[in-house]
There are 2 protein chains.
Amino acid sequence: MPAFIFDLDGTLIDTSYAHVMAWQQSLDEVDIPVDGWRIHRRIGMSGGLLLHALSDELSCKISPDLARRLQERHGEIFRESPCVGRPLRGAIKLLRKLRELEIPYGIATSGTRPGIKPSLDALQIDDSVIVVEGKSIKHPKPEPDELERCRQRLNVPAEECFVVGDAIWDLLAASRAKMFSIGLLSGGYPARELFDAGAHRVFCDPTELHDSLYQLGLCP
Amino acid sequence: MPAFIFDLDGTLIDTSYAHVMAWQQSLDEVDIPVDGWRIHRRIGMSGGLLLHALSDELSCKISPDLARRLQERHGEIFRESPCVGRPLRGAIKLLRKLRELEIPYGIATSGTRPGIKPSLDALQIDDSVIVVEGKSIKHPKPEPDELERCRQRLNVPAEECFVVGDAIWDLLAASRAKMFSIGLLSGGYPARELFDAGAHRVFCDPTELHDSLYQLGLCP
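Rules behind the numbers
- Residues numbered from 1 in each chain as written.
- Chains lettered and ligands numbered in written order.
- Predicted model: local features only at pLDDT ≥ 70, side-chain atom pairs only at ≥ 80, totals over all residues.
- Buried ≥ 20, exposed ≤ 12 C-beta atoms within 10 Å, placed from the backbone.
- Helix = DSSP H or I, 4+ residues; strand = E, 2+ residues; numbered from the N terminus.
- Pairing = 2+ DSSP bridges.
- Right-handed = clockwise from strand over helix to strand, strands pointing away.
- Contact = placed C-beta atoms within 7 Å.
- Nonpolar A, V, L, I, M, F, W, Y, C, P; charged D, E, K, R; others polar.
- Axes fitted to C-alpha atoms, helices over the stretch in contact; angles between N-to-C directions.
- Parallel < 35°, antiparallel > 145°, perpendicular 65-115°, else oblique.
- Left-handed = near helix turned anticlockwise from the far one by under 90°.
- Least-squares fit on C-alpha atoms with pLDDT ≥ 70 in both.

J.: Is there a simple way to think about the pairing of strand 2 (residues 105–108) of chain A in this case?
T.: Put simply, side chains in a regular strand alternate between the two faces of the sheet. Residue and element names in this part refer to chain A. Residues Tyr-105 and Ile-107 of strand 2 are buried on one face, and the alternating residues Gly-106 and Ala-108, pointing to the opposite face, are buried as well. Pairing of strand 1 (residues 3–6) with strand 2 involves three bridges; the strand directions are parallel. In the strand pairing of strand 2, Phe-6 is matched with Ile-107. Of the pairings in the sheet, the one linking strand 2 to strand 3 (residues 130–132) comprises three bridges and is parallel in character. The residue bridging Ala-108 from the neighbouring strand is Val-132, located in strand 3. In this fold, strand 2 hands off to helix 6 (residues 117–122), which returns the chain to strand 3; that crossover is right-handed.

J.: Is there a simple way to think about the interface of chain A and chain B in this case?
T.: Of the residues lining the interface, 20 residues belong to chain A; the matching set on chain B comes to 20 residues. Mapped onto the side of chain A that touches chain B, the elements with two or more residues apiece are helix 1 (16–28) and helix 2 (36–40) of chain A. Residue contributions to the side of chain A that touches chain B peak at five residues, all from helix 1 of chain A. Looking at the side of chain A that touches chain B residue by residue, the class counts come to eight nonpolar, seven polar and five charged.

J.: Hey, could you run me through the packing of helix 3 (residues 47–57) of chain B against helix 4 (residues 64–79) of chain B in this one?
T.: Angle between the axes and distance between the axes: these two values describe a pair of packed helices. Residues and elements named next belong to chain B. In contact at an axis separation of 10 Å, helix 3 and helix 4 are set at 120° when each is read in the N-to-C sense. The angle between helix 3 and helix 4 places the two elements in the oblique class. For the pair helix 3 and helix 4, the sense of crossing is right-handed. Here Gly-47, Gly-48 and Leu-51 of helix 3 come into contact with helix 4, specifically with Ala-67, Leu-70, Gln-71 and His-74. Taken together, the residues of the contact of helix 3 with helix 4 break down into three nonpolar, four polar and no charged.

J.: So what exactly am I meant to see when it comes to the relation of the copies chain A and chain B here?
T.: Note on the chain copies: they are related by a rotation about an axis and a translation along it. Each copy superposes on the other: chain A lies on chain B with an RMSD of 0.0 Å after a rotation of 180° and an axial shift of 0.0 Å. Such a combination of rotation and displacement between the chain copies is what one expects of a two-fold axis. Distance from the rotation axis, computed per C-alpha, reaches its smallest value in chain A at Pro190(A): 2.9 Å. By residue overlap, the copies meet face to face through one surface: 100% of the interface positions of chain A are interface positions in chain B.

J.: When you look at the sheet that holds strand 2 of chain A in this model, what are you seeing that I'm missing?
T.: Paired through backbone hydrogen bonds, the strands of a sheet run either parallel or antiparallel to each other. All names here are of chain A. The strand order across the open sheet built from six strands is 3-2-1-4-5-6, with neighbouring strands paired in parallel fashion. The open sheet has two edge strands with one neighbour each: strand 3 and strand 6 (201–203). Within the sheet, the average angular offset between the axes of one strand and its neighbour, ignoring direction, is 25°. With four bridges joining them, strand 4 (residues 161–165) and strand 5 (residues 180–184) adopt parallel strand pairing.

J.: How do you make sense of the sheet that holds strand 4 (residues 161–165) of chain B when you look at a structure like this?
T.: Residues and elements named next belong to chain B. Sheet architecture is open: six strands sit in the order 3-2-1-4-5-6, paired in parallel fashion. Of all strands in the sheet, those with a lone pairing partner are strand 3 (130–132) and strand 6 (201–203), marking the two edges. The sheet shows a mean angle of 25° between the axes of neighbouring strands, direction not considered.

Pasting the structure below:
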């Protein structure tokens, strides 16, 4: 029996663009101007890794203390966004379909509660669903630890897991965890980059994945 | 002597993400939910074409009257964004360099005054620079009319023009106008799609174009 491990932001919830704006504003406030597209390409990493990558790319120094404050401020701005709790097209239908088919699934996200609570609520994900949060993991995506933890709790072998994510960081982590991965375009990453990062298949959004489960050998 | 014709939003000004959010909010307000990534892929079109494309893609009906109201509402929300008037990295330096080298340039944008006024001001573009606005043109990008009008006013032959844009719509229009085109990643479009749309070269942002003018046979 296969299982699914879903990323959250950009995969089930339409928050990628709100994250870009929130990072940009929080960096602006400390006089580190970063163009939106550079942030977008790092969305899906943990906040700590994203800031590390941007500081490296722009040759600016972000101390651990500043990084902590930026992550807090990003969270504050993000929570005010109207996109928080906005499921992507077909996300609720897809999860319902998996429950009907009795296919197990879990969530592995770099986000943490309480920040992700509105997203989980909007997706009707209750305590019966396994949710691995970033704060519980020492090495976030693109390292495989989050996926591996979720897999253990689902109690399925790696070769039966489909990882679904919108960012190349999800797919790279899936490769390292020896799992199949499915890329979605719904976070704004290019299809070519998702394939290059190891995606077994790429679909537009949760609706197209729902309609294409037969391509994965499900829904005969 | 070559000349440059620049797109504005996403090419010289960091507004692509703010446009996505403004379109999404204005569509939400009339109960037409559209995921952010679908809007992003249409940014760079005129508002009318963008709404036509989305309504087609999502099989929903947007009457001409509703389209007019949505465009007005998008403009209102957009003008409140903190990104309005935020030049992309290197944009001012690039335009200054062209003036130093006495290389003529103009702007051809789907936007119109007064909406684009803060962007022009932030880029220090005064009345001496040729600016072709969307409202003065019947057939917007990806049709070649805006570029052709700008070229006529610059008084240079098409084969001497480099069109610089972040969206495939800019590059498709350049092909139709028989001009060379330069793609920039700064609007968030994938490099592969920019090349597929005919880009002669693709650079990250105005800074990299500034540093690479020698690749175009300029700045020996």
